[in-house]
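Residue-level structure breakdown
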Amino acid sequence: MNLDCPASCPFVAGRGDALDFPLGQLHRVAPVGSAGTPPDGTEVDETKRNLLKLLAVAGVVGAAGGGLAGGALQYAQPPVVGIKSFPSVQLLDVDGAPLTATKVNAEYNATTPELHLFYYPLTNEPNFFLNLAPAASGGVGATNVPGGVGPTGSIVAYSAICQHLGCPAPAISYYPPGTCSQTFDGKYVKGLGFYIHCSCHGSTYDVTDSAANLTGPAIYPLPQVTLLWKDPSKGGDDSIWAIGESTSVPVNGHFNTLQGGYGVGSTSQLASESAIILCKFPSS
Ligand code: FES
């Protein structure tokens, strides 16, 4: 660096062309009188020069960054998907054939913990399909329960996503009568033997009473799917349909049961799954 260099000094260049000259230092970029230099020999303030370059670069980077951020936000907040109303969806058996109440009564035993699940109304909303009083149950069963369909009003369906923090089946499972030797205190007698229990934190729901809460920490019942049975005695074909939901509480994790996923279409097939059964319950 040579600050007292006379005007006749040869060309003094910085190490780089743009941003590496010390702040506040005057930098002669070419001998006086050479092409492109001021005729009076004034020197160039590299600080201002570099500042202008910085502003220009910042402007370009800012514009590009703004575009990228805008694009990223577009994907970080995908548009809400869903359906406008509850569809009528025919339920199919695990083998793909139309589900009938006759088959349900013959094959789906209320006394075994095997789960039968189907999605409705969205493809990310699983539900329990339960028959609480099959003909072969040997006297064990609950008939004419709220929302129950079929010859004895024993076929019901509830959301298979816990209303506490959203544990899905099989973490939340159906416990048929006699599954555990556990006995509840008087507060829970109503649901003894027929309940859905969540192994995550212990919430329990009464399947004979619209999945009302028996134990917390969940405070809402499981949403109940409205089923329709086409009664053969009235000209129906014995088929079973999901046509809506009878509770105003949305499926856990959904702001609205109809939003947050894609519709299942015109049919929904049952799938079998092994339950997770824990016979040690919270004391309250
Ligand atoms: S998620 Fe089911 S009890 Fe907490």
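Higher on the page you've got the structure.
Residues numbered from 1 in each chain as written. Predicted model: local features only at pLDDT ≥ 70, side-chain atom pairs only at ≥ 80, totals over all residues. Heavy atoms only, no water.

1. Details of the overall build of the protein
- For the protein, the helix and strand inventory stands at 2 helices and 14 strands.
- Burial statistics for the protein: of 284 residues in total, 38% are counted as buried.
- Within the protein, residue pairs in contact and separated by at least 24 positions form 61% of the contacts whose partners lie at least 6 positions apart.
- Within the structure as shown, the protein displays about 14800 Å² of accessible surface, and the carbon and sulfur contribution to it stands at 60%. (Helix = DSSP H or I, 4+ residues; strand = E, 2+ residues; numbered from the N terminus. Buried < 20%, exposed > 50% of the residue type's maximum accessible area, 1.4 Å probe, protein only. Contact = heavy atoms within 4.5 Å. Areas by Shrake-Rupley, 256 points an atom, 1.4 Å probe, with all protein chains shown as cover.)

2. Some remarks on the state of the cysteines
- In the structure shown here, the tally under the stated rule is 1 disulfide.
- For cysteine 167, the disulfide goes to cysteine 200, at an S-S distance of 1.9 Å. Judged by the sign of its S-S torsion, about -105 degrees, the cystine formed by cysteine 167 and cysteine 200 is left-handed. Remark: cysteine 200 occurs in the loop between strand S8 (195-198) and strand S9 (204-206) and cysteine 167 occurs in the loop between strand S6 (155-159) and strand S7 (172-175); sequence separation between them is 33 residues.
- Cysteine 200 sits in the partly exposed class, given a relative accessible area of 31%. (Disulfide = S-S within 2.5 Å.)

3. A look at the sheet that holds strand S12 (residues 240-245)
- A sheet is described by the order of its strands in space; here 4 strands give the open sequence S11-S12-S3-S13, paired in mixed fashion. Edge positions in the sheet fall to strand S11 (225-229) and strand S13 (267-269), since each of these pairs with one other strand and no more. Across this sheet, the average inter-strand angle for adjacent strands is 35 degrees, counted without regard to direction.
- In this structure, S11 lies alongside S12, joined through 5 bridges in antiparallel fashion. Looking at the pairing, leucine 227 lines up with alanine 242 of S12. (Pairing = 2+ DSSP bridges. Axes fitted to C-alpha atoms, helices over the stretch in contact; angles between N-to-C directions.)

4. As for the sheet that holds strand S5 (residues 126-131)
- Pairing within the open sheet is antiparallel, and its 4 strands lie in the order S6-S5-S4-S14. What marks the edges here is a single partner per strand, and that holds for S6 and strand S14 (271-273). With direction set aside, neighbouring strand axes in the sheet form an average angle of 35 degrees.
- Relative to S5, strand S4 (residues 115-119) is paired through 3 bridges, and the arrangement is antiparallel. The residue bridging tyrosine 119 from the neighbouring strand is proline 126, located in S5.

5. Brief notes about the pairing of strand S10 (residues 212-215)
- Bridge analysis of S9 against S10 gives 3 bridges, and the strand direction is antiparallel. Residue aspartate 206 lies in a different strand from S10, and its bridge partner there is alanine 212.
- Following S9, the chain reverses through 5 residues before pairing antiparallel with S10; serine 210 in that reversal takes a positive phi of roughly 55 degrees.

6. Concerning the side chain of serine 268
- As for its placement among the helices and strands, serine 268 is situated in strand S13.
- Since its relative accessible area comes to 6%, serine 268 is described here as buried.
- Setting aside its immediate chain neighbours within four residues, serine 268 contacts Val89, Gln90, Leu91, Leu92, Phe118 and Tyr119.

7. A closer look at the pattern of salt bridges
- Counted according to the given criterion, the structure contains 2 salt bridges.
- With a shortest N-O distance of 3.0 Å, lysine 103 and aspartate 93 are connected by a salt bridge. Placement of lysine 103 in helix H2 (residues 101-107) and of aspartate 93 in the loop between strand S3 (89-92) and H2 is noted, with a sequence separation of 10 residues between them.
- Of the charged contacts in the structure, one is a salt bridge between aspartate 95 and lysine 103, with a shortest N-O distance of 3.5 Å. (Salt bridge = Lys/Arg side-chain N within 4 Å of Asp/Glu carboxyl O.)

8. What about the environment of asparagine 105?
- The residue asparagine 105 is located in helix H2 in this model.
- Here asparagine 105 falls in the buried class, since its relative accessible area comes to 17%.
- For the pair formed by asparagine 105 and glycine 150, sequence separation is 45 residues and the distance between their alpha carbons is 8.8 Å.

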